[in-house]
Structure formats: C-alpha cells, structure tokens
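# Analysis of the macromolecular model
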Amino acid sequence: MSNAQTSGAARAKTVEMALDRVARGTDQDETWTQKSRAHKIPEGITSKMLYQDIIRIAWPSFIEFTLVQLASMVDLMMVGNLGPWALTAVGLSTQPRFLMSTLFMSLNVGATALVARYKGAEQPERANLIVRQALLLNVIFAIICSALGFFFSKELILFMGAADDQALMGGTVYLQVQMLSLLFMAVTSTITAVLRGVGNSRIAMIYNVVANVVNVIFNYLLIEGNLGFPRLEVLGASLATALGQVVASIMAVIVITSGKQYLHLRIRDGFKPNAEAIKSMVQIGLPAMVEQLLMRAGIIIYTKTVASLGTIAYATHQVCMNIQAMSFMTGQSFAVSSTSLVGQSLGKKRPDMAVLYSSRTRRIGLMVALVLAVTLFFLGGPIVSLYNDEPEIVSMGAKILMLMALIQPLQSSQFILSGTLRGAGDTRVTAVITFITVLLVRPLLAILLINVFHTGLIGAWIAMVADQLLRSALVMLRYESGKWKSMSLKISKQERK
C-alpha cells in the first residue's frame, strides 16, 4: 500500500470533528491568534460541536480512569481486611513503583503531544514513526528499571519508612512482583498514550477495563484463598495486579497491530532509532521527566514524614490518598481531551481552536468537580469505612475528606490546564511549578506542622491542600500568559526543516 493510500485509510478511520471543518491556518493566523486572548467560534462551527468533541474523547477516559481506580479501591479494601499493616505495606510500595516508571511515563508525554500534532498536520507516517520510537525506548527503560527495582525492593521499602517487620515483608513482596510486570505496564501505557494523542480513548478504555476485571477477580481468589486458591494475602494482591497488566498489554498490542486504527504498528517498518524523532520526544519529555522526578522526590519525603506517625495514621493516610486518586479522575479524563484537541489544533496552525477547546473543557470539568466536592464533604465517613471500620481511621479520614472537598474545583481546572500545556509541548514551566509546590511547599510544610506544631495527620493534609492551591494558581498564570500557543508552533517549524 502506498503512502497516499495509507494516509487515506488512516483518515477514513477517523471520526470527523469540528476541527476537521476549519481551514488549515497560516503563519499570519498563528501570529494573530497566539497574541489574542478572546477567540470567536469560526463560521460553520457551533459551541455544541466543540462540546461534543470534548466529551467524545473524555467519556471513555472517564469510565476507564474511574473503573481502574474503583478496582484499586476494591484492591485496597480487600487488603484492608488483613489489617492496617497490609494497607501500610501496599502504600509504602506505591511511590517506589511510580519512581521506577518515571522514565517511560515522561517519554509518553512527548509521544502524545507529537502524535497529536502530526495528526493535526495530516502526517500519519510521522505519527507512526513516533509510536515505534516510543515503544523502543520505553521497553529498554522498563527492563532496566524493572531489574533495579526488583533487586532493591527491600531497601526501597525500608527507605520509605516501614515501621514493623510485617509491613516491611509485605511491602517488599508486593513491590518485587510489580517490578516483574513493569515491562507490560510500559508497553500498555505507551500505546494508550499515543492512542489518546489522536483522540482514540475508547479502545484504551476497553482493554484497561478488562484488565481491571481480571485484577479484581484474582484479588478475590488469591488474597484470602477463595474457591480453593491459595491464601497469599499481600502477595496475592500484587499477583492479581500483575496479571491484569499482562492482559492489558496483550490487548493493546493486538489493537495497534491490527491495522484498523489511525495508528498502525508494523514490525516490518523496523525499530531502528531515529535521531530526529527521539530528539523531539526528549525535548518535550525531558522536562516532564524532571517534573515527575521532583514530584516523586517530594512525595517520598512527604510519605516518610507521614509514616513516622505510626501504622494507624499511615493506614488512614493511604485510604484517603486512594480516595483522592478517585477524585482526580474527572480532571484527568478531561485533561486527555484537552491534550489531544489542543495538540491537533496547534498542528493545524489553529491556536484559536485550541483556546476554544480548552476553555470549554474547563467548564465541564468544573461542573463535575462541584458534584464530587459535595459528595466528599457530606459522605466522607461512610466512604472511609468501606476500607476499614476502625473508629480512629473513620473519624480522621472523614475530616481529611472534608479538606479534600474544598479544593475539588481548583484541582479539576489544574489538571485540565496542565493537559492543555502538555498538548502544546509546554512542559518546562510545569516542571518548575512542581519543584516549588511538591518538592518544597508540601513536604516542608508537612514537616513543620507535624514535627513542630504536632498537628498529626491533619497537618499533613493541610500541607497537601496548600500544595494544590498554589499549583492551581501557578498553572492558571502560565495558561493565561498564552506563551504555550507559540511554543508548540516553534517546535513544529523546527520539525518541518
């Protein structure tokens, strides 16, 4: 099949959007729109069409993220039945696991932005080149990180602040299994990232939901040894998660090699390193990696500070963190829309469309966040009791969820605007913002409140709220500056040389 045929077939697989109905911009359009703050809707386009594009991409991501997080919540609830030590063991393994996946998650930021831009520029061959290069690099990084994480699992759990032998042993076993399945997670996350870049979030929803059904089923079978399966406790929970990751990885590979999507991975095209593609991904992904490393460093310091409060306090903290992760889902799902649509708009030289999409995405996210805030504020106690019914955990957890409720609207806007910046390739400033908020404000304020003012766990969450408020304000300032519009355009011009 010729390149022209391939391009035509790729376009045929794509659902028409409002962006497809507007003319490709010119350099003069770029100059004007990047300076303009207010943008009129182009002729032939309606606000309803813009909302439809946003929701079409966001709803599969929302369902996927929500069900994935629900599976994580069920996982933690089942583990919680073993006692506070088990909640602590799983919690202590979380940050080392995220730390080991930082490299490929960061490169995926670059892959998503580039694939979105090439789709907007109608260059499917270049988009597929990015897919191959991202998979090549991330498989290599995953193998290296997996080996390091496996052999140093015990040391990592000790470093995180394991307070007793039971939590140390459980956390070590849990982390070792997760490190063995890291390669599968890397492959799945890379394919998911590039599919979202072209606006195809529905397929990722399907295979990730299936994977989490597998996870929950094996949680039931392996944690407490139901239906004749061995009782493996924390090890069983980790094995169940790993099996789900393997299933997702297999399904994702089948999807992208099928030839039925805009993106098509063909082995015969080869995986020879391409310096230009790698440089482009690194240019966007390196600041994202710095951001993630700073974030993980800050969260590790923060987590160690909380762990010093004891097993019960940390178990409560872990439950609330798990619930907070659920509250992220709306913001993250609409951020997927923002990243994809902004990237495609800038690839088509239409920053005006990028602004129209991002502003409407924020409005929808805000409405959903308000509903979530009311739920957390008034139903915090019953929600926490689903994990563990110890009165101390339920009482403190309910208070923390009230704090969490107050920041939901700003938190949602922060996620969505960060998605806009990622879609534009503007990742350097977000790294600086992360340094200020997560590495400085949150851990230092937590240390001060816990160790000097002796506020206990509630002090740690006051520090969390302060971090979120400041981060939201700084992201908003960056977005309002409008500099993200021209940044992506400069990158595009370099790539066309």
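Bear in mind the structure is a predicted one, so any value in this text is a computation, not a measurement.

Rules used throughout
Residues numbered from 1 in each chain as written. Predicted model: local features only at pLDDT ≥ 70, side-chain atom pairs only at ≥ 80, totals over all residues. Heavy atoms only, no water. Helix = DSSP H or I, 4+ residues; strand = E, 2+ residues; numbered from the N terminus. Rg over C-alpha atoms; globule rule 2.2 N^0.38 Å. Buried < 20%, exposed > 50% of the residue type's maximum accessible area, 1.4 Å probe, protein only. Contact = heavy atoms within 4.5 Å. Areas by Shrake-Rupley, 256 points an atom, 1.4 Å probe, with all protein chains shown as cover. Lys, Arg positive; Asp, Glu negative; His and termini not counted. Charge placed at Lys NZ, Arg CZ, Asp CG, Glu CD. Expected span 1.5 Å × (residues − 1). Bend = angle between axes of the 7 residues up to and from the residue. Polar contact = N/O pair within 3.5 Å; in protein donor to acceptor, adjacent residues only side chain to side chain. Salt bridge = Lys/Arg side-chain N within 4 Å of Asp/Glu carboxyl O.

Attention now goes to the overall build of the chain. Counting its secondary structure elements, the chain contains 19 helices and 0 strands. Relative to its length of 497 residues, the chain is compact, with a C-alpha radius of gyration of 22 Å against a globular reference of 23 Å. Each principal axis of the C-alpha atoms in the chain carries an extent, and together these give about 65 × 45 × 35 Å. Relative to its full complement of 497 residues, the chain shows a buried share of 58%. In the chain, once contacts between residues fewer than 6 apart in sequence are set aside, the share between residues at least 24 apart is 84%. Total accessible area on the chain stands at roughly 19900 Å², and carbon and sulfur atoms take up 67% of it. One finds the centroid of the 43 positive side-chain charges in the chain at a distance of 9 Å from the centroid of its 27 negative side-chain charges.

Turning our attention to unusual backbone geometry. Negative phi values dominate among residues other than glycine, just as trans dominates among peptide bonds. The residue Glu-233 is not glycine, and still its phi comes out positive at about 55 degrees. The topology assignment puts Glu-233 in the loop between helix 10 (202–222) and helix 11 (234–257). A positive phi is found at His-454, a non-glycine position, where the angle reads about 55 degrees. Mapping His-454 onto the fold places it in the loop between helix 17 (428–452) and helix 18 (457–481).

What follows concerns helix 13 (residues 311–347). Taking 1.5 Å of rise per residue, 37 residues should cover 54 Å, and helix 13 covers 50 Å from first to last C-alpha, within 8% of that figure. The largest bend along helix 13 measures about 35 degrees and falls at Met-329. Among the 37 residues that make up helix 13, 33 are buried, leaving the element largely enclosed by the rest of the structure. Residue Lys-349 follows helix 13 closely and has a positive phi angle near 60 degrees.

Another point: the environment of Ser-249. The residue Ser-249 is located in helix 11 in this model. Overall, Ser-249 belongs to the buried group, its relative accessible area being 5%. As for Ser-249 and Thr-190, which are separated by 59 residues in sequence, their C-alpha atoms are 9.9 Å apart. Apart from residues lying up to four places away in sequence, Ser-249 is in contact with Phe-184, Val-187 and Thr-188.

Turning next to the side chain of Ser-333. Take Ser-333: it is sitting in helix 13. There is a polar contact of 2.8 Å between the side chain of Ser-333 and the backbone oxygen of Thr-330. Apart from residues lying up to four places away in sequence, Ser-333 is in contact with Ala-58, Ser-61, Phe-62 and Phe-65.

On to the pattern of salt bridges. Under the counting rule described, the total for this entry stands at 8 salt bridges. Across the salt bridge formed by Asp-269 and Arg-132, the nearest N and O atoms sit 3.7 Å from each other. Here the residue Asp-269 occupies a position in the loop between helix 11 and helix 12 (275–307), and Arg-132 occupies one in helix 6 (residues 124–151), the gap between them amounting to 137 residues. Look at Asp-269 and you get partly exposed, because its relative accessible area is 32%.

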